[in-house]
Amino acid sequence: MSAGVSLKQSTSILMLELFMFSACFHECLSSPLDHLKGYVLTERGADAFLPKITPSAATQPFLPLAPSPLSPFTNSTVPELSGLCMLNFTAAQSLMSMTSIDCWAAFAPLLAHVICCPQLHATLVILVGQSSKKTGLLALNRTLAKPCLSDIEQVLAGQGAGDNLKQICSIHPSNLTEVSCPVKDVDEFENTVNSSELLASCEKIDPVKECCDQLCQGAISEAATRLALKASDLWSMDGPHVLPEHSTRVNDCKTVALRWLASKLDPYHAKEVLRGLTNCNVNKVCPLVFPNIRHAANSCGNEISNQTACCDAMDSYVSHLQKQTLITNLQALDCATSLGLKLQKYDITKNVYSLCHISLKDFSLQVSGCLLPSLPSDATFDKFSGISFICDLNDNIPAPWPSLSLLPASACNKTVRIPALPAATNAQSGLYNEYVTVYLLIASSMVIMMFLQF
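Trainee: Describe the state of the cysteines, and please don't skip the residues or the numbers.
Mentor: What makes a disulfide is a covalent bond joining the sulfur atoms belonging to two cysteines. Applying the stated criterion to the full structure yields 10 disulfides. Here Cys 117 is linked by a disulfide to Cys 169, with a sulfur-sulfur distance of 2.1 Å. Across the S-S bond linking Cys 117 and Cys 169, the dihedral sits near -85 degrees, which makes this disulfide left-handed. Highlighted residues: Cys 117 in helix H3 (residues 108-135) and Cys 169 in helix H5 (residues 165-169), separated in sequence by 52 residues.

Trainee: Quick rundown of unusual backbone geometry? Include the residues and the values.
Mentor: With a phi angle near 55 degrees, Val 179 is a residue other than glycine that sits in the positive phi range. Assignment of secondary structure puts Val 179 in the loop between H5 and helix H6 (186-192). Exposure remark for Val 179: the relative accessible area of 36% places this residue in the partly exposed category. Backbone geometry places Ile 304, a non-glycine residue, at a positive phi of 55 degrees. Summarising the element assignment, Ile 304 is placed in helix H14 (residues 301-304). For Ile 304, a relative accessible area of 10% translates into the label buried.

Trainee: Hey, could you go over the nonpolar core for me, with residue numbers and the actual values?
Mentor: The nonpolar side chains of a soluble globular protein tend to be buried with one another. The biggest cluster of nonpolar side chains holds 59 residues, and the ones touching the most others in it are Ile 152, Leu 176 and Phe 189. The greatest single-element share of this core, amounting to 11 residues, is contributed by H3. Listed in part, the 33 residues of the second largest apolar core include Ile 293, Cys 356, Leu 360 and Trp 401.

Trainee: Explain the environment of Pro 400 to me, using residue names and the numbers behind them.
Mentor: With respect to the secondary-structure elements, Pro 400 resides in the loop between strand S4 (390-391) and helix H18 (429-452). Sequence separation of Pro 400 and Thr 337 is 63 residues, and the distance between their C-alpha atoms is 7.4 Å.

Trainee: Just give me the short version of the packing of helix H2 (residues 93-102) against helix H4 (residues 142-158), but keep the residues and values in it.
Mentor: Contact geometry of H2 with H4 gives a least axis separation of 9 Å together with a crossing angle of 70 degrees. The pairing of H2 with H4 is recorded here as roughly perpendicular in orientation. Judged by residue contacts, Met 96, Thr 99 and Ser 100 of H2 engage Ile 152, Val 155 and Leu 156 from H4. Taken together, the residues that form the contact of H2 with H4 break down as 4 nonpolar, 2 polar and no charged.

Trainee: Quick rundown of the packing of aromatic side chains? Include the residues and the values.
Mentor: In this structure the tally under the stated criterion is 4 aromatic pairs. Summarising the aromatic geometry, the rings of Phe 189 and Trp 260 are spaced 5.3 Å apart at their centres and angled 25 degrees between planes, so their arrangement reads as stacked. Taken together, the residues span a long stretch of sequence, with Phe 189 in helix H6 and Trp 260 in helix H11 (residues 248-263) at a distance of 71 residues. Residue Phe 189 is classed as buried on the basis of its relative accessible area, which comes to 0%. Looking at Trp 260, the relative accessible area reads 3%, which means it is buried. Ring plane angle 80 degrees and centroid distance 5.2 Å describe the contact between Tyr 353 and Trp 401, whose orientation is recorded as edge-to-face. Within this pair, whereas Tyr 353 is found in helix H17 (residues 352-355), its partner Trp 401 is found in the loop between S4 and H18, the two being separated by 48 residues in sequence. On the accessibility criterion, Trp 401 (16% relative accessible area) is buried. Put simply, the rings of Tyr 353, Phe 363 and Trp 401 touch in pairs and so form one group of aromatic residues.

Basis of the calculations
Residues numbered from 1 in each chain as written. Predicted model: local features only at pLDDT ≥ 70, side-chain atom pairs only at ≥ 80, totals over all residues. Heavy atoms only, no water. Disulfide = S-S within 2.5 Å. Helix = DSSP H or I, 4+ residues; strand = E, 2+ residues; numbered from the N terminus. Buried < 20%, exposed > 50% of the residue type's maximum accessible area, 1.4 Å probe, protein only. Core = buried A, V, L, I, M, F, W, Y, C linked by side-chain atoms within 4.5 Å. Axes fitted to C-alpha atoms, helices over the stretch in contact; angles between N-to-C directions. Parallel < 35°, antiparallel > 145°, perpendicular 65-115°, else oblique. Contact = heavy atoms within 4.5 Å. Nonpolar A, V, L, I, M, F, W, Y, C, P; charged D, E, K, R; others polar. Phe/Tyr/Trp six-rings, centres within 6.5 Å; stacked < 30°, edge-to-face > 60°.

Structure follows, in structure tokens:
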């Protein structure tokens, strides 16, 4: 599919770079952010197939997305706070800054599933957890939750984050309360659960091993079940028979347990633990919405009698998936399995992915064919290059065709090994050209907006 072809530095590229500079200069003089909520999405040509590449287990270098022309809009604005919220935003200034970068207005919808929303949820947990050291409570009351959530939005938006994060990440004032969990007092919490075991299991986690061993997740589930049982007089019965592990009340108590854990760690380490735990769930599911597959299935039917028609139809179908969001390489593996199983329900048994050269990258947003790393990562800000985030531009792993007899059960048992961490990347001239396309796409979009404003 979308080939990662290196571009040659040419006069046209240099001209576009100059256009980007002109656009950025013009945007510095105009109103910020309002017009930065659109994205440049590319359509792939039907013949833009990747060469068939043998999967490699070796970790390949990762590169940040091309420098963004958003750096002129980094001046913070003073937020208008309610004056009712007692959360200490100053003590969590570094955390709030990181969240505003991860949820930067122009990129928040694209990074929502993997970076922005996990970081935002972690921030809410840490803010309430840290406040419990003074209040003795692991939840806000319903009266304060609404103005506090509004203040959090104001602080983040003042540093460049999107102003619609509640909608993007499905955040509500209840995310700051105990909801249905019967325990929110710190002393009662510590008298109910084995707090020393919880802290020992979760104060430091391995983000790879934890998803498989679930040492910390198990301790949190056990603590949450004990808390939930406080609302019941059925203590004499076994926990599983009283309240299913995934019931609403237990899930609400898991949040309370995470806040207690965050109160025992400094904000940075709490964020690392929370993002590691969330990431286990992030990589379990494919976040893409699959449109009706009937046309592609019909074109690839009859034992794929017409290969060109089949691949054209698959190319068109996958191009719709590429307009949705950036995903991790493990999510891409899940998406490839999901799509393959849908095709197999139409009696398509031949490996369409191999036939049409569909790679894992083809399931992610095609600004650059970027797959995000499967381990937690953050966007970064540099005053010279703007906002960037890590992409794997060298991971051209062919999408595996699912076998009904042997499907990957979990991220701990994948049939295709995917690099999880980026290798250190030195300044290599050939690699810069691979991501200069994104740089130019953003630049050209800014140029168009500049001329439209005249």
